[in-house]
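# Tertiary structure, described
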Amino acid sequence: MTVETTFIKDLLVLTPTIFEDERGYFFESYSEALFATNGLNIPFIQDNQSLSKKGVIRGLHFQKAPYAQAKLVRVLQGEILDVAVDLRKDSATYGQHFSIQLSAENKKQVLVPKGFAHGFSVLSSNAIVSYKVDEVYHKESESGIQYDDPTLAINWQVNAAEVIVSDKDRVLGAFKDLNKG
């Protein structure tokens, strides 16, 4: 597995080594030893999975400390645009976002550390997304930013007429209001 850095510190793209033959393929999607070798000592405690259809945008979600979550995100079926926004106030890239296409075909994964908002849009007819987290879901700590926040100006690569967003995500706050109150 190769571990690539991005322009945002601690946000990583992981590409597995794939072994293919006439039977199909095999790869390690996660290795605690590989993570440790790269200084990533993240105690993942839960795996989550979602199925979404084309045009769905999920996010931008995060949990506030002390329940902030690191996530290791990958796609089992289809293709998504995965987006992470740096919310670490002391970071040189605070408020900046990184996006990457993840698919069942390219098998890439994104390691989203604590201190980021995360979301994705579905680019294929449907997508199954799987991700590991290192902290339990805590309803009182959940928060988020509207997917169409003008400050962030994220291109979700979905036609505006085809966007599907949950009622819960439609009422998320604005990025500029994160530090108020």
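Going along each chain's sequence as written, the residues are numbered from 1 onward. Since the coordinates come from a predicted model, pLDDT governs what is reported: local features require at least 70, and pairs of side-chain atoms require 80 or more to be given and counted, while whole-chain, interface and lining totals use all residues. Excluded from the side-chain calculation are hydrogens and water; included are all heavy atoms of the structure.

### Brief notes about the overall build of the protein chain
Helix numbering and strand numbering both begin at the N terminus, where a helix is a DSSP run of H or I of at least 4 residues and a strand a DSSP run of E of at least 2. If you tally the helices and strands in the protein chain, you get two helices and 13 strands. Radius of gyration here uses only the C-alpha atoms, and the compact-globule reference equals 2.2 Å multiplied by the residue count raised to the power 0.38. Taking 2.2 N^0.38 as the reference for a compact globule, 181 residues should give roughly 16 Å; the C-alpha atoms of the protein chain span a radius of gyration of 16 Å, in line with that estimate. Each principal axis of the C-alpha distribution contributes one length, and for the protein chain these read about 55 × 40 × 30 Å. Split into buried and exposed, the 181 residues of the protein chain put 46% on the buried side. In the protein chain, once contacts between residues fewer than 6 apart in sequence are set aside, the share between residues at least 24 apart is 80%. Summary of the burial criterion: residues with accessible area below 20% of their type's maximum are buried, those above 50% are exposed, and those between are partly exposed, where the area comes from a 1.4 Å probe applied to protein chains only. Contacts were defined at the residue level, with two residues in contact if any of their heavy atoms lie within 4.5 Å.

### Quick word on the side chain of Gln 69
On the secondary structure map, Gln 69 appears in the loop between β6 (57–63) and β7 (71–77). By relative accessible area, which is 15% here, Gln 69 ends up buried. Polar side-chain contacts of Gln 69 include one of 2.7 Å to the backbone oxygen of Glu 135. Ignoring any residue separated from it by four or fewer positions in sequence, one finds Gln 69 in contact with Gln 63, Val 112, Pro 113, Lys 114, Val 133, Asp 134, Glu 135, Val 136 and Tyr 137. Contacts described as polar in this section are N or O atom pairs within 3.5 Å, which, within protein, must combine one atom able to donate a hydrogen with one able to accept it, while residues neighboring in sequence count only if both atoms come from side chains.

### Here's the deal with the side chain of Ser 124
As for its position among the elements, Ser 124 is in the loop between β11 (116–122) and β12 (126–133). Within the structure, Ser 124 has its side chain in polar contact with the backbone nitrogen of Glu 79 (distance 2.8 Å). In terms of polar contacts, Ser 124 uses its side chain to reach the backbone carbonyl oxygen of Asn 126, at 2.6 Å. Apart from residues lying up to four places away in sequence, Ser 124 is in contact with Lys 54, Gly 78 and Glu 79.

### Things to note about the nonpolar core
As a rule of thumb, soluble globular proteins bury nonpolar side chains together. By nonpolar core we mean a set of buried residues, namely Ala, Val, Leu, Ile, Met, Phe, Trp, Tyr and Cys, connected to one another through side-chain atoms within 4.5 Å. By size, the foremost hydrophobic cluster in this structure holds 18 residues, and its most contacted members are Leu 11, Ile 80, Leu 102 and Val 112. Only β7, β8 (79–86), β9 (97–103), β10 (109–112), β11 and β12 provide two or more residues apiece to this core. Setting aside anything within four residues of it in sequence, one finds Leu 102 in contact with Val 73, Val 75, Gly 78, Glu 79, Ile 80, Asp 82, Lys 108, Gln 109 and Val 110. Residues Ile 57, Leu 81, Val 83 and Ile 145 belong to the second largest nonpolar core, which totals 17 residues.

### Observations concerning the pattern of salt bridges
Salt bridge, as used here: a side-chain nitrogen of Lys or Arg that lies within 4 Å of a carboxyl oxygen of Asp or Glu. Per the counting criterion, the structure on display carries ten salt bridges. For Lys 108, the salt bridge identified is with Glu 4, shortest N-O distance 3.8 Å. Taken together, the positions of Lys 108 in the loop between β9 and β10 and Glu 4 in strand β1 (residues 2–5) put the pair 104 residues apart, joining distant regions of the chain. As a salt-bridge pair, Glu 142 and Lys 168 come within 3.0 Å of each other at their nearest N and O atoms. Residue Glu 142 is found in strand β13 (residues 142–144), and its partner Lys 168 is found in helix α2 (residues 167–170); the two are separated by 26 residues along the sequence. On the accessibility criterion, Glu 142 (25% relative accessible area) is partly exposed. Within the structure, one salt-bridge network assembled from shared partners comprises Lys 9, Asp 10, Asp 86 and Arg 88.

### Focus: the sheet that holds strand β2 (residues 12–15)
Only strands that DSSP links by at least two bridges are regarded as paired with each other. Strand order in the open sheet formed by six strands is β1-β2-β10-β7-β12-β5, and the pairing between neighbours is antiparallel. The sheet is open, and its two borders are formed by β1 and β5 (46–53), each paired with just one other strand. Neighbour-to-neighbour, the strand axes of this sheet turn through a mean angle of 25 degrees, independent of strand direction. Looking at chain direction, β2 and β10 are connected through three bridges and run antiparallel. What sits directly across from Val 13, in β10, is Val 110. Note on definitions: angles span 0 to 180 degrees between N-to-C directions of axes, and those axes are lines fitted to C-alpha atoms, for helices only across the stretch in contact.

### Looking at the pairing of β11
Of all seven residues in β11, seven are buried; the element is thus mostly enclosed. Here β11 shows two buried faces, one formed by Phe 116, His 118, Phe 120 and Val 122 and the other by Ala 117, Gly 119 and Ser 121. Two strands pair when backbone bridges link them, and β6 and β11 are joined in this way by three bridges, in the antiparallel orientation. Of the residues in β11, the one forming a bridge with His 61 is His 118. Of the pairings in the sheet, the one linking β8 to β11 comprises seven bridges and is antiparallel in character. Note that in β11 the partner of Ala 84 across the bridge is His 118.

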